[in-house]
Amino acid sequence: GAVVSQHPSRVICKSGTSVKIECRSLDFQATTMFWYRQFPKQSLMLMATSNEGSKATYEQGVEKDKFLINHASLTLSTLTVTSAHPEDSSFYICSALKRGGLSDTQYFGPGTRLTVL
Amino acid sequence: GQSLEQPSEVTAVEGAIVQINCTYQTSGFYGLSWYQQHDGGAPTFLSYNGLDGLEETGRFSSFLSRSDSYGYLLLQELQMKDSASYFCAVDGGSQGNLIFGKGTKLSVKP
């Protein structure tokens, strides 16, 4: 299998502060990682695609200046929620793409539950 | 637009077999994946179909018909621990990004 870690698992912060979430692929290199957001009882919504060594690609409606993504190495991508507000409270999940001969598979991190007060 | 349709809820009893269908309409298609997500947890990968036909992994099987834009996940010998949400997801492009369905909440009763 493949292991992806995410840190922190849970964070509570005050409105207006910034929060950084780390996503690491532990046993494989991932040139591509993805960031998703999931609201209660809803599906995962792709926020952005993070590519090592280049700028992230954001989905329509996702503010790139608010959700800063840095893919610093082949095993680490970070998502920074800047000036967080209560409406940003959500479950943030990253995934790392493991490329294979026949198919590519996304492996998900355990998620980060963000609560903004 | 792009859409994936799957039932919102399914209920079954222990030991039974359940099939979760997924139809999709996307601009690109490289394959169909299935993920399991327990309440409060992250999705875990179950299976992938890149070609038509059936893929079997233990108690779980997944089927794809590209001509019908249709696939299903088959869960056999249901156990209580199978109670979770199941998402189908289309691999829509060369970047490997996934488009998720809304999920099917499976409840397994004793």
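All values reported here derive from a predicted model rather than from experimental measurement. (Residues numbered from 1 in each chain as written. Chains lettered and ligands numbered in written order. Predicted model: local features only at pLDDT ≥ 70, side-chain atom pairs only at ≥ 80, totals over all residues. Heavy atoms only, no water.)

Novice: Would you take a moment to explain the interface of chain A and chain B for this structure?
Specialist: On the side of chain B, 17 residues touch chain A, which itself brings 23 residues to the contact. Buried area between chain A and chain B, both sides added, is near 1400 Å², and the carbon and sulfur share of it is 56%. Counting the contacts that link chain A with chain B gives zero salt bridges. There are three residue pairs in polar contact (both at pLDDT 80 or more) connecting chain A and chain B. Listed by contribution, the elements that provide at least two residues to the side of chain A that touches chain B are β4 (32-38), β5 (45-51), β9 (90-99) and β10 (104-108) of chain A. Within the side of chain A that touches chain B, the residues separate by chemical class into nine nonpolar, twelve polar and two charged. (Contact = heavy atoms within 4.5 Å. Buried area = accessible area lost by both parts, 1.4 Å probe. Salt bridge = Lys/Arg side-chain N within 4 Å of Asp/Glu carboxyl O. Polar contact = N/O pair within 3.5 Å; in protein donor to acceptor, adjacent residues only side chain to side chain. Helix = DSSP H or I, 4+ residues; strand = E, 2+ residues; numbered from the N terminus. Nonpolar A, V, L, I, M, F, W, Y, C, P; charged D, E, K, R; others polar.)

Novice: Help me understand the nonpolar core in this model?
Specialist: Generally speaking, a soluble globular protein has its nonpolar side chains buried in company with each other. Residue and element names in this part refer to chain A. In terms of nonpolar packing, the biggest core is built from 26 residues, with V4, F28, W35, F67, L79, Y92 and L114 touching the most fellow members. Those elements that provide at least two residues to this core are β2 (10-13), β3 (19-25), β4, β5, β7 (67-73), β8 (76-81), β9 and β11 (112-116). Among all residues touching L79, those that are not within four sequence positions of it are V19, K20, I21, W35, F67, L68, I69 and Y92. (Core = buried A, V, L, I, M, F, W, Y, C linked by side-chain atoms within 4.5 Å. Buried < 20%, exposed > 50% of the residue type's maximum accessible area, 1.4 Å probe, protein only.)

Novice: Looking at this structure, I do not really get the sheet that holds strand β1 (residues 3-5) of chain B. What am I missing?
Specialist: Picture the strands of a sheet paired through backbone hydrogen bonds; they go either parallel or antiparallel. All names here are of chain B. The sheet built from five strands is open, its strands ordered β1-β3-β8-β7-β6 with antiparallel pairing. Of all the strands in the sheet, the pair left with one neighbour each is β1 and β6 (53-57). Between one strand axis and the next, the sheet turns by 15 degrees as a mean value, whatever way the strands run. Relative to strand β8 (residues 70-75), strand β7 (residues 60-65) runs antiparallel, the two being bridged by six bridges. The partner of F63 across the bridge, within β8, is Y72. (Pairing = 2+ DSSP bridges. Axes fitted to C-alpha atoms, helices over the stretch in contact; angles between N-to-C directions.)

Novice: How should I be thinking about the sheet that holds β8 of chain A in this particular structure?
Specialist: All names here are of chain A. The four strands are arranged β1-β3-β8-β7 in an open sheet whose pairing can be described as antiparallel. Each of the sheet's edge strands pairs with one partner strand only, and the pair in question is β1 (4-7) and β7. The mean angle between the axes of side-by-side strands here comes to 15 degrees, regardless of whether they run parallel or antiparallel. As defined by bridge partners, β3 adjoins β8 across six bridges and the pair is classed as antiparallel. For R24, the partnering residue across the bridge sits in β8 and is L76.

Novice: Looking at this structure, how should I read unusual backbone geometry?
Specialist: Here the amide bond leading from H7 of chain A into P8 of chain A is cis, since omega sits at 0 degrees, within 30 degrees of zero. Here P8 of chain A is to be found in the loop between β1 and β2. Residues other than glycine seldom take positive phi values, yet S69 of chain B does so here, at roughly 50 degrees. Assignment of secondary structure puts S69 of chain B in the loop between β7 and β8. Positive phi values are uncommon outside glycine, yet E77 of chain B reaches one of about 45 degrees. Inspection of the secondary structure assignment puts E77 of chain B in the loop between β8 and β9 (84-91).

Novice: Can you help me understand the packing of aromatic side chains in this one?
Specialist: Counting across every chain of the model gives 15 aromatic pairs over all chains. Relative to F100 of chain B, the ring of Y35 of chain B lies with its centre 5.7 Å away and its plane at 50 degrees, an arrangement referred to as tilted. Highlighted residues: Y35 of chain B in strand β4 (residues 31-37) and F100 of chain B in strand β10 (residues 98-100), separated in sequence by 65 residues. Given the relative accessible area of 1%, Y35 of chain B is considered buried. Taken together, F28, F34, Y36, Y107 and F108 of chain A together with Y35, F45, F87 and F100 of chain B form an aromatic cluster joined through their ring pairs. Above the face of the F67 of chain A ring, K66 of chain A is positioned so that its terminal group lies 5.9 Å from the ring centre. (Phe/Tyr/Trp six-rings, centres within 6.5 Å; stacked < 30°, edge-to-face > 60°. Lys NZ or Arg CZ within 6 Å of the ring centre and 35° of its normal.)

Novice: Whenever I open this one, the state of the cysteines confuses me. Can you help?
Specialist: Here, disulfide denotes a covalent bond that connects the sulfur atoms of two cysteines. One pass over the structure, following the stated rule, counts two disulfides over all chains. Residue pairing for C23 of chain A: its cysteine sulfur links by disulfide to C94 of chain A, the two sulfurs lying 2.0 Å apart. Note on the C23 of chain A and C94 of chain A pair: the S-S dihedral is about 80 degrees, so by sign convention the disulfide is right-handed. Here C94 of chain A lies in strand β9 and C23 of chain A lies in strand β3, a separation of 71 residues in the sequence. With a relative accessible area of 0%, C23 of chain A lands in the buried category. Bridging C22 of chain B to C88 of chain B, the disulfide has an S-S length of 2.1 Å. With the S-S bond torsion at 75 degrees, the cross-link from C22 of chain B to C88 of chain B turns out right-handed. Here C88 of chain B lies in strand β9 and C22 of chain B lies in strand β3 (residues 18-25), a separation of 66 residues in the sequence. (Disulfide = S-S within 2.5 Å.)

Honestly, that's just the spatial picture; any functional story needs more than this.
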